[in-house]
Amino acid sequence: MIEQVKGTRNIHSEDAQVYLFILNTFLNTFNSSGYEYTELPIIEHKELFTKSIGESSEIVTKQMYEFIDKGNRELVLRPEGTASVVRFHNEFYKNDSKKYSYFGKMYRYENPQKNRYREFHQAGAEIIGTIDIFSDIQIVQSSIRFLNRLGINADLHINSIGTIDDRAKYVTELLDYLKTNKENLSEDSRDKLENNTLRVLDSNNPEDREVINKAPSILGFLNDDSTNNYLQLKKELDSLGIQYVEDSNLVRGLDYYNDLTFEFKVNGLAVGGGGRYDKLSQILKLGNSEGVGVAFGVDRLMSLIDTNDSKATKISLIGSTIETINEVSAELINNNINHCLPVRISKENTQYKNAVNIKSDIVINCNERTIKLINSKETFPYNIDTLRDLI
Ligand code: HAM
């Protein structure tokens, strides 16, 4: 048997229901506040990510699905969406400021485990052009609205990492400190020391806790503008009643950020994250647009949603002729009531079993003109008002 590729998933049945619930909630939340939905290619030039995420980042050094196509182009399956949206914006809307949303598959060659896939899904939003602190606040506010609508209670963690220059100075100091304490770090963190110094701060390994807790804070290296912007942002969040946790170790794994970085966490699991990336267009030599955005891990959100919360009442029709089924179906369509039809006119019993298999809550028998509740097995005479009361 040909097996399914490791780290990928099939989204079907109840999982699909939750996936679509997230997709609809995402579009309703972001698109209703001016984000334009955009589908961008899954294959991109490798350069787009080596330059933006960073040559020494783990995503670029270890996790990209890379290949040479028949025209000798170095391509990759996109590991994230931000760099692609920036590419698109600068090609077509260079002089505008715009809001984008996207939803789709991303690829990272990671060790597959619960909540970590090689092919996974992100729901993302970006504001690109000339932006300010109001743009940052909007991204955070819309994200919170999205999570609330999904019924997910996540903690917002925030930090400011200053400019790329501030960060370079900080990395030099952090590296000195970590080298002095090398013996007390885990093997994994020792490996990251030279090339991925900041990522040591992300370690969840208890062995590293003490060294990390005593490490110098990036906040001491921020220039005055970044410090003031961060203060203003916190003031705005306070006045909006948005709760947050300040986490000076939140440096994130992508090199393109400056100033604000944030993550939404549920019991330590990052379900989404983002930040400001004012220099990304320049790094890619595409233009001068600034940006801020967020991306949510859809698979992680799925693991936190109860199927019943995402489920509308499912109604199936069964019957022995096309006419009897269509008569009821037409009435339901006129009343805007969604319902499923059998694949074909098979035996009544077979149709009933299929309706149960696809997890219907209600079966309408169009021959008998009855409504049956699958769970309680109660039966009612069919009419639209009774059906409305039951859904
Ligand atoms: P990221 O933190 O790398 O940021 O990914 C965003 C979210 O995608 C994570 O918080 C996590 O929930 C999910 N995720 C990442 N890797 C995996 C995986 N292997 N399996 C399942 N879920 C995963 C970005 O990608 C940035 N582009 C976010 C952004 C948008 N920054 C500005 N705008």
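Check the entry above for the structure.
One structure accompanies this document, and this report is about it. What you see is a predicted model; the values in this text were computed from it and never measured.

### A closer look at the pairing of strand β4 (residues 74–77)
1) Next: Where strand β2 (residues 43–45) meets β4, 3 bridges bridge the pair, whose relative direction is antiparallel. Paired with E44 across the strands is V76, a residue of β4.
2) Next: Of the strand pairs in this sheet, strand β3 (residues 65–68) and β4 are connected by 4 bridges, and their pairing is antiparallel. Counted as the bridge partner of I68 is E74 from β4.
3) Next: Following β3, the chain reverses through 5 residues before pairing antiparallel with β4; N72 in that reversal takes a positive phi of roughly 65°.

### A closer look at the side chain of R118
1) Next: Within the element layout of this structure, R118 appears in the loop between β5 (98–107) and β6 (119–129).
2) Next: No salt bridge is formed by the buried R118; the nearest opposite charge belongs to E110, separated by 8.5 Å.
3) Next: Engagement of the side chain of R118 in a polar contact is seen with the backbone oxygen of E110, the distance being 2.7 Å.
4) Next: Those residues in contact with R118 that lie beyond four places of it in its chain are K6, G7, Y65, M106, Y107, R108, Y109, E110, N111 and P112.

### Looking at helix α1 (residues 13–31)
1) Next: End to end, α1 covers 26 Å across 19 residues, agreeing with the expected 27 Å (1.5 Å per residue, within 8%).
2) Next: Within the sequence span of α1, burial applies to A16, V18, Y19, F21, I22, L23, T25, F26, T29 and F30.

### As for the packing of helix α5 (residues 133–150) against helix α9 (residues 224–239)
1) Next: The N-to-C vectors of α5 and α9 enclose an angle of 45°; their axes lie 10 Å apart at closest approach. Between α5 and α9, the angle falls in the class oblique. Where α5 crosses over α9, the two elements pack in a sense that is right-handed. Along its contact with α5, which presents I133, D136, I137 and V140, the element α9 presents N229, Q232, L233, E236 and L237.
2) Next: Of the residues that constitute the contact of α5 with α9, the class distribution is 5 nonpolar, 2 polar and 2 charged.

Conventions used here
- Residues numbered from 1 in each chain as written.
- Predicted model: local features only at pLDDT ≥ 70, side-chain atom pairs only at ≥ 80, totals over all residues.
- Heavy atoms only, no water.
- Pairing = 2+ DSSP bridges.
- Helix = DSSP H or I, 4+ residues; strand = E, 2+ residues; numbered from the N terminus.
- Buried < 20%, exposed > 50% of the residue type's maximum accessible area, 1.4 Å probe, protein only.
- Lys, Arg positive; Asp, Glu negative; His and termini not counted.
- Salt bridge = Lys/Arg side-chain N within 4 Å of Asp/Glu carboxyl O.
- Polar contact = N/O pair within 3.5 Å; in protein donor to acceptor, adjacent residues only side chain to side chain.
- Contact = heavy atoms within 4.5 Å.
- Expected span 1.5 Å × (residues − 1).
- Axes fitted to C-alpha atoms, helices over the stretch in contact; angles between N-to-C directions.
- Parallel < 35°, antiparallel > 145°, perpendicular 65-115°, else oblique.
- Left-handed = near helix turned anticlockwise from the far one by under 90°.
- Nonpolar A, V, L, I, M, F, W, Y, C, P; charged D, E, K, R; others polar.

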